Amino acid sequence: MQTRKRVYPSERKPAKWVSYSLLFLSAVILFSGVAARSGGDAVFETVATPSPIPLDAAFDETRETREITLNGSVWYALQLGAFETEEAAGQLAEQFQRRGAAGYLWPEERFRVLAAVYPEKEDAQAVRQQLRDQHDVDSYLFEISIPSVSLRMTGMRGQIDILEAAFLHAEELIRQMERISETLDRQEITPAEAAEELNTLREQVELVALRMEQRFLSPRNAAVTGLIGLMRDYAAFAREKTGQESNALLSRQLKYQTIQTIRLLLELTDELRNT
C-alpha cells in the first residue's frame, strides 16, 4: 500500500503510553527477583458487578478474592473480501500482501481478508476512501469488538496483581504495534528505529510472561496460559526483526501481527466470558 497522508492526529497516545510504561516498570521492580511459589492456581468466576483495585501492590502471598473488570475495546478493520473457502481467501490475501496489506485471514462464518486495523472509525474510513480514490480498491469496514469482562479472582494477591497488569500490557501492546506500523507507512521512522521499538516491547512482554510463569505453577488457568502464549507469540515475531527490512515489508508484517494479537486477546476474552 502507498504511504497514507493521514491516519490519526499526531498528538495521540504518548502520555498514555508513558503512564502504562511507568505502571509496568513499577510492576517489574515489585516482582523481580522473587522465586516461584506454591499455593495453587487462581480461580476465575464471571461476575456482574465490578470494583476498582490498585495495580501497584507489592507481591504478597496472602490469598484473597478480588473482583476486577477487563476493559473492552473496538477495532475497525479494512476488509478486502469474504469467501466461503480458505483457499479462495488465501489467493486474495497473497495478492494484497504483495501490495503492502496484512492479508490476514479472519475465519468466522466465512473467511474474511483483512488489510489493517485502526482504533478509530474515522481513521479507517479515511483510509478506505483513499484506497478507493487513489488505488481503485473497494473495501468494507469490519468491526472487531473485544468485550469487557468482570471477573472474581481467587488466589495469591501477587498473582492477581501481575495478571491484571498483564492484561493491561496486552491491550497497550496492540496499540503500540498499530502506531509503529502507521509511522512506518508515513516514513516518519526507519525500519531500524521501528525494530528497536519492537524489541523494547519484546523485552517487556517477555519479562511479564516470565513473571506469570513464576507466579502460576502448572497446570495453569486458561487465562494465564492464554496471556503467556499471546506474549510469547509477539516475542517470537519481534525477535526476527533486524531493521534491514524495507518500510513496506516491515509495516505489512506488523499489520499482520497486530491483527493476530487482537484475535488471540479476543479468543481469551471470549473464553473468560464463558467461564
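Everything numeric in this text was worked out from a predicted model, so none of it was measured.

Some remarks on the side chain of Ser251
- You can see Ser251 is positioned in helix H7 (residues 247-273).
- On the basis of relative accessibility, which here comes to 1%, the residue Ser251 falls in the buried class.

Description of the confidence of the model for the protein chain
- Looking at the protein chain, pLDDT values average 82 and 78% of them are 70 or higher.
- Every residue in residues 1-39 scores below 50 in pLDDT, and together they form 81 contacts with partners more than four places removed in sequence or on other chains.
- In this model, residues 46-57 is a region of pLDDT below 50 whose contacts with residues beyond four sequence positions or in other chains number 27 contacts.

A look at the packing of aromatic side chains
- Tallied over the entire structure, the rule returns 4 aromatic pairs.
- Here Tyr104 and Tyr256 contribute two aromatic rings whose centre-to-centre distance is 4.8 Å and whose plane-to-plane angle is 55 degrees, an arrangement assigned as tilted. Placement of Tyr104 in strand E4 (residues 104-107) and of Tyr256 in helix H7 is noted, with a sequence separation of 152 residues between them.
- Seen from their ring centres, Trp106 and Phe142 are 6.1 Å apart, and the 70 degrees between their planes marks the pair as edge-to-face. Remark: Phe142 occurs in strand E6 (residues 140-146) and Trp106 occurs in strand E4; sequence separation between them is 36 residues. The pair Trp106 / Phe142 is uniform in exposure class, with both members buried.
- In textbook terms, an aromatic cluster arises when at least three aromatic residues are bridged by ring pairs, as seen for Tyr104, Trp106, Phe142 and Tyr256.

A short note on the pattern of salt bridges
- Using the criterion set out here, one finds 15 salt bridges in the structure.
- Arg186 is the partner of Glu188 in a salt bridge, and the nearest nitrogen-oxygen pair spans 2.9 Å.
- Judged by relative accessible area, which is 17%, Arg186 ranks as buried.
- Across the pair Arg263 and Glu267 runs a salt bridge, and its minimum N-O distance is 3.3 Å. Separated by 4 residues within a single helix, Arg263 and Glu267 lie in helix H7, roughly one turn from each other.
- Judged by relative accessible area, Arg263 falls into the buried class, the value being 17%.
- Members of the salt-bridge network, linked through shared partners, are Glu64, Arg66, Arg157 and Asp161.

Considering the nonpolar core
- Trp106, Ile144 and Tyr234 are the most contacted members of the largest nonpolar core, which totals 52 residues.
- If we ignore the near neighbours within four places in the chain, the residues touching Ile144 are Ser73, Val74, Trp75, Ala77, Trp106, Leu114, Val117, Ile262 and Leu266.
- By size, the runner-up hydrophobic cluster in this structure holds 16 residues, among which are Leu80, Ala101, Tyr118 and Ala124.

Points about helix H6 (residues 222-239)
- Here H6 is 18 residues long and its end C-alpha atoms lie 25 Å apart, about the 26 Å a rise of 1.5 Å per residue gives.
- Along H6, the positions that sit buried rather than exposed are Ala223, Val224, Leu227, Ile228, Leu230, Met231, Tyr234, Ala235, Phe237 and Ala238.
- Of the residues that open H6, the one with a side-chain oxygen 2.8 Å from the backbone nitrogen of Ala223 is Asn221.

Rules and cut-offs
Each chain carries its own residue numbering, running from 1 in the written order of its sequence. Where local features are concerned, this predicted model is filtered to residues with pLDDT of at least 70; where side-chain atom pairs are given and counted, the filter is 80 or more; whole-chain, interface and lining totals use all residues. Excluding hydrogens and water, the side-chain values take into account all heavy atoms of the structure. Labels follow the DSSP assignment, with helices taken as runs of H or I lasting at least four residues and strands as runs of E lasting at least two, numbered in each case from the N terminus. Relative accessibility decides the category of a residue: with a 1.4 Å probe and only protein chains considered, values under 20% of the type maximum give buried, values over 50% give exposed, and everything between is partly exposed. For every residue, the predictor states its confidence as a pLDDT score lying anywhere from 0 to 100. Contacts are residue-level and defined by heavy atoms, with any inter-residue pair within 4.5 Å sufficient. Geometry of aromatic contacts follows a simple scheme: Phe, Tyr and Trp rings, the Trp one being its six-membered ring, pair when their centres are within 6.5 Å, and the pair is stacked under 30 degrees between planes, edge-to-face over 60, tilted otherwise. Here a salt bridge means any side-chain nitrogen of Lys or Arg lying within 4 Å of a carboxyl oxygen belonging to Asp or Glu. Residues enter a nonpolar core if they are buried and are Ala, Val, Leu, Ile, Met, Phe, Trp, Tyr or Cys, with the set joined through side-chain atoms within 4.5 Å. Expected span of a helix, by definition, is 1.5 Å for each gap between consecutive residues, and there is one gap fewer than residues. Polar contact is defined as a pair of N or O atoms within 3.5 Å, subject to the rule that within protein one atom must be able to donate a hydrogen and the other to accept it, and that residues adjacent in sequence are counted only when both atoms are side-chain atoms.

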